[in-house]
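Examining the three-dimensional arrangement
Each chain is listed here by its residues.
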Amino acid sequence: MFKSKSKILSLLMCLVFAVTSFSFGVTTQAASTSELRNKREKIQDEIDEAQGHIDELSAEKKKTEEYLGVLMGKISLLQDKLDTLHDERDALQAEIDAIQNKITKTENELIEAQKEIDKKQAEFDESYELYCQRLRAMYVSGSASTLEVLLTCPDMSAMLTRSQMIKSVSQQDSRILDDLMKKMEEIESQKQELEIKRNELNDDKENLETDKKSLQSKISEIDTSKSELDKEAAECNAVMRELSSQTSEYLEAIETNEEQLREVENAIRAAAASASSGSGSISGSTGSGSGQLGYPTDSRSISAGFPNYNSGRYHGGVDFPVSTGSNIYAAASGRVILVKYLNYSYGYHVMIDHGDGLSTLYAHNSQILVSVGQNVSAGQVIAFSGNTGNSTGPHCHFEVRVNGNQVNPLNYL
């Protein structure tokens, strides 16, 4: 006696059902995120230590070079922390993108798998229905038993023939049933795989939501850290202005926008590279190439040298303290390759190519008198001094560059 299709399916479903969960392969990314977090925590410890020193110096109510140096150190650490937070944010975003791509891929696989299951289910249903019809026909026709069929044979030959037919029918029914069971097992196996993928998809979606929350938290932390950095930079600039008024060492103010600073430096290097990629000499000018340069101002007094301020902070040139509106002279003959009017960094600055990879830069001007492509002669007034950009007082920030790289101007004056 044969059971119905639903009972057979139910039995197989009860006998075999295993779900295996797969974790999303983000081991490398997770390790990277962990390393970044450890780095940030270490930087935070250094920031806290610097803040303790700042608090001690603040209690003395003195804004000294030491105070400024510690404050600059804290600002540098804050910038490192901010950079690390940005790296963590980018790592999280990459992880989110990877999970989202995996979710999309899995959803497409689920659609295709469901189509395959539906196709096989339809084939099974058709075969099963034909088999049931055969059984019903045999039952309705009241087929005799095998013994009755054989005993009613008129002779031995007919008996052998009928015996062979019965055996053939029995074998065919057995093959049909085996085929049905095989198809059923394939369908159930695919359904199990489909269920595994669905569980995996749900896990990925949960991971995605968790990472999105972490990303939003990281963005908020970045905003908080940027506010803290800007606050400390403002304090640092105020201290520098106070010290500058006392010592006449006019400093480049702290600038926290690293992207802007990179753009300024890239523009300078691009201009130098463009000039160097030419014929090697300045068309229409003699060019120096010898490295002998004149002073850019009438003053020979230097308030800050190369490569550091008194506080230890990097300084890529030399500063000549002069009053606003003083003449700024071309240090040698050459061609103007860069003119910029900025309210940050170098402020109003001009760059001259002198040939053979040698160039000079003049920053923080109040007015520029030349334009890009113009040839100038040694000692020509090219600008008036000022206090534009990140500066705590009027001066000429003078740089000498070889192939775009800053070198000590005192070796050329």
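See the structure above.
Note that this is a predicted model, so its numbers are computed, not measured. (Residues numbered from 1 in each chain as written. Predicted model: local features only at pLDDT ≥ 70, side-chain atom pairs only at ≥ 80, totals over all residues. Heavy atoms only, no water.)

**Description of the pattern of salt bridges**
Going by this rule: Whenever a carboxyl oxygen of Asp or Glu lies within 4 Å of a side-chain nitrogen of Lys or Arg, that contact is scored as a salt bridge. Secondary structure elements follow DSSP: runs of H or I of four or more residues count as helices, runs of E of two or more count as strands, with numbering from the N terminus. Here's how the labels work: a residue is buried when its accessible area is under 20% of the maximum for its type, exposed when over 50%, partly exposed in between, all with a 1.4 Å probe on protein chains only.
For the coordinates displayed, the defined rule picks out 15 salt bridges. In this structure, Asp-204 engages Lys-102 in a salt bridge whose closest nitrogen and oxygen atoms are separated by 2.9 Å. Placement of the pair is Asp-204 in helix 5 (residues 156-247) and Lys-102 in helix 3 (residues 65-140), with a sequence separation of 102 residues. Assigned by exposure class, Asp-204 and Lys-102 land together as buried. Overlapping salt bridges bring together Glu-265, Arg-269, Glu-399 and Arg-401 as one network.

**Section: the nonpolar core**
Counted only if it meets this: The term nonpolar core refers to a set of buried residues drawn from Ala, Val, Leu, Ile, Met, Phe, Trp, Tyr and Cys, joined through side-chain atoms within 4.5 Å.
Core analysis: the largest hydrophobic core is formed by 22 residues, its most contacted members being Leu-293, Val-350, Tyr-362, Ile-382 and Phe-398. In this structure, Met-72, Leu-85, Val-239 and Ile-254 belong to the second largest nonpolar core, which totals 19 residues.

**Structural notes on the packing of aromatic side chains**
A ring pair, where both rings are aromatic, is described by two values, the distance of the centres and the angle of the planes. Worth spelling out the cut-off: Pairing of aromatic rings covers Phe, Tyr and the six-membered ring of Trp, with a centre-to-centre limit of 6.5 Å; geometry is then stacked below 30 degrees between planes, edge-to-face above 60, and tilted otherwise.
With the rule as written, the count across this model stands at five aromatic pairs. Seen from their ring centres, Phe-306 and Tyr-314 are 6.4 Å apart, and the 70° between their planes marks the pair as edge-to-face. Given a relative accessible area of 22%, Phe-306 falls into the partly exposed group. In this structure Tyr-314 comes out as partly exposed when scored by relative accessible area, which is 47%. Taken together, Tyr-295, Phe-320, Tyr-362 and Phe-398 form an aromatic cluster joined through their ring pairs.

**Brief notes about the environment of Ile-222**
Worth spelling out the cut-off: In this description, contact between two residues means that some pair of their heavy atoms is separated by no more than 4.5 Å.
Tracing the backbone shows Ile-222 in helix 5. When its relative accessible area of 8% is taken as the criterion, Ile-222 is described as buried. When the C-alpha positions of Ile-222 and Arg-89 are compared, they lie 8.8 Å apart, and in sequence the two are 133 residues distant. The contacts of Ile-222, once residues within four sequence positions are left out, are Leu-82, Leu-85, His-86 and Arg-89.

**Points about the environment of Glu-88**
Along the chain, the position of Glu-88 falls in helix 3. Sequence-distant contacts of Glu-88, defined by excluding residues within four places in its chain, comprise Leu-36, Arg-37, Arg-40 and Lys-218.

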